[in-house]
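Read off the chains here:
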Amino acid sequence: MRQLVAKIPSQHRALILAVSVCLAIILLLPSEQAAASKSTHSNSLEIGKRYSLAIPQTQQLVNESDTDEAIEPDVIDDLAAEDNLQWSSLQVQRGDVLSSLFKKANVSQQTMLAILALGDTTKTLTRLFPGETLEFGLNEQGELTELRYAINKLKTLRISRDPQGQFMAQELEKTVEHRQQFASAEIKSSFWSAGIEAGLSEAQIMNLAGIFGWDIDFGLDLRAGDSFSVLYQTNYVDGDFVGYGTIIAAQFQNQGQVIQAVRHTDGNYYKPDGASMRQAFLRAPVSFQYVSSNFNPRRLHPVLGKVRAHNGVDYVAPVGTPIMAAGDGKVTHSGYNNLNGNYVFIKHANNIVTKYLHLSRRNVKVGDRVKQSETIGRLGATGRVTGAHLHYEFLLNGVHRNPRTVKLPQANPLQGEERDLFVANAAPVLAELQTKERVLLAKIAP
Ligand SMILES: [Zn+2]
């Protein structure tokens, strides 16, 4: 992981995080022909890069005309007439406003106002970005009869004038085709580089670490020779790749232990028997991407400079690295002393206490309730230390336990019929994952 940290300057890491978030949003693109009313989706889509796209002659569009029960001949004539529209395509330039585009297209401001008066659907026209395209379809009288705007790769806003001269707006949506991909890698230097080598995106690597983050401490537990395989979706529109989809199933081999995860219809991941991947405690309170000294199980204690058993786990990472609450709980201590520096203790259910020492900053105070993964402070070098690190302790019934290996009760397993259904669906998916892995191994073998 040092390699990764070294390769990526810190200011870029923030950028990568931001990009990952954007990617994650893109990954959440509606998987099917989502209803046009899904405004939350269209909001998230705006964050992603916008593209102009060819006018979609989608099934939907055709069907809408076809399924009109009684199509009078004159209506058909009208539809046919629409095909004879004079189309002009205007690209939004920096500084353009909607009215200037309408002017360029020889369409009156009155018409523009009539379209904007249609309401929320057409509001998107007031937030155009340079490079986007508006397509104006004018009839023989020079009247605007149809306006098209590609909101993104999947969605097009179509405004059309009905035979009575009234405008109506609709969102046309393209179908996303899901294809299944397989990736597999053996970890040699770091999980990150193995993921990149296997062809995974950075967001997928983070997702994968997220799925297994309750079982594996990705910062400290990975060893050369560990391996993983992933079945995931890729999304295509009109045969063009538009993004990575969800991870369908994954398998991680960590120090001889095999852990499998399969995505359920509820969007969560479960083990083959229906046990939840999500547990009451994260294996590590620090994201692996910050942690150094990956493949050195006999790490030196950062203070004493020699290997020694001590009551906690030390994570060496840059000052300022976010420290997460390992589980839901209540802050019992948040203070400073010469030994611990800035420290936070959290009391959890089942008589479990977690402790976080040497912080540069504390974000919580005594009495606060915290959620798992919530940032409770920042890694630092306060107290009796020679270098920046987090000292993390996990106590069960007052006794120190190794947080990376302690057995914990499973949280929220699938039950009853839902479990049966999951297990039945998961079996062939896992079989496929393993078959693909075997095929790959056979190819690699001499
Ligand atoms: Zn320590």
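We now turn to the structure provided with this report.

## Regarding helix H10 (residues 202-211)
Thought 1: Where burial is concerned, most of H10 is hidden: 8 out of the 10 residues are buried.
Thought 2: Buried within H10 are the following residues: Ala 203, Gln 204, Ile 205, Met 206, Asn 207, Leu 208, Ala 209 and Ile 211.

## Quick look at the environment of Asn 340
Thought 1: Tracing the backbone shows Asn 340 in the loop between strand E13 (329-337) and strand E14 (341-348).
Thought 2: Note on Asn 340: 21 C-beta atoms within 10 Å, which makes it buried.
Thought 3: On a C-alpha basis, the gap between Asn 340 and Ala 381 in space is 9.6 Å, while along the polypeptide they are 41 residues apart.
Thought 4: For Asn 340, the contacting residues outside a window of four places in its chain are Leu 357, His 358 and Gly 383.

## Some remarks on the environment of Gly 329
Thought 1: With respect to the helices and strands, the residue Gly 329 is situated in strand E13.
Thought 2: The exposure class of Gly 329 is buried, given the 24 C-beta atoms found within 10 Å.
Thought 3: Separated by 38 residues in sequence, Gly 329 and Gly 367 place their C-alpha atoms 9.8 Å apart.
Thought 4: The residues contacting Gly 329, other than those within four sequence positions of it, are Ile 346, Lys 347, His 348 and Val 370.

## A few points about the pairing of strand E15 (residues 352-359)
Thought 1: Among the 8 residues in E15, 6 count as buried, and that is most of the element.
Thought 2: Taken together, the 6 bridges between E14 and E15 define a ladder with antiparallel strand orientation. Following the sheet pairing, Asn 342 is matched in E15 by Leu 359.
Thought 3: Hairpin connection between E14 and E15: a loop of 3 residues separates the two successive antiparallel strands, and Asn 350 in this loop has a positive phi of roughly 60°.
Thought 4: Relative to strand E19 (residues 390-396), E15 runs antiparallel, the two being bridged by 6 bridges. Looking at the pairing, Val 353 lines up with Leu 395 of E19.

## With respect to the sheet that holds strand E2 (residues 133-138)
Thought 1: Spatially, the 5 strands line up as an open sheet ordered E1-E2-E3-E4-E5, and their pairing is antiparallel. Two strands lie at the open edges of the sheet, namely strand E1 (86-91) and strand E5 (167-173), each paired on one side alone. Strand-to-strand twist in this sheet, taken as the mean axis angle between neighbours without regard to direction, amounts to 15°.
Thought 2: Two strands pair when backbone bridges link them, and strand E4 (residues 155-161) and E5 are joined in this way by 7 bridges, in the antiparallel orientation. Paired with Arg 158 across the strands is Gln 170, a residue of E5.

## Quick look at the nonpolar core
Inside soluble globular proteins, nonpolar side chains tend to come together where they are buried.
Thought 1: Residues Leu 208, Val 230, Ala 250, Ala 261 and Tyr 356 are the most contacted members of the largest nonpolar core, which totals 66 residues.
Thought 2: In this structure, Val 230 is in contact with Ala 183, Leu 200, Leu 208, Ile 247 and Ala 250, ignoring residues within four places of it in sequence.
Thought 3: In this structure, Tyr 149, Ile 151, Leu 157 and Ile 159 belong to the second largest nonpolar core, which totals 16 residues.

## As for the sheet that holds strand E18 (residues 375-378)
Thought 1: Taken in spatial order, the 3 strands make up an open sheet running E12-E18-E16, and their pairing is antiparallel. Strands at the two margins of the open sheet, each flanked by one partner only, are strand E12 (322-324) and strand E16 (361-362).
Thought 2: By the bridge criterion, 2 bridges tie E16 to E18 in an arrangement that is antiparallel. Residue pairing across strands places Arg 361 opposite Arg 378, the latter belonging to E18.

Parameters and conventions
- Residues numbered from 1 in each chain as written.
- Predicted model: local features only at pLDDT ≥ 70, side-chain atom pairs only at ≥ 80, totals over all residues.
- Buried ≥ 20, exposed ≤ 12 C-beta atoms within 10 Å, placed from the backbone.
- Helix = DSSP H or I, 4+ residues; strand = E, 2+ residues; numbered from the N terminus.
- Contact = placed C-beta atoms within 7 Å.
- Pairing = 2+ DSSP bridges.
- Axes fitted to C-alpha atoms, helices over the stretch in contact; angles between N-to-C directions.
- Core = buried A, V, L, I, M, F, W, Y, C linked by C-beta atoms within 7 Å.

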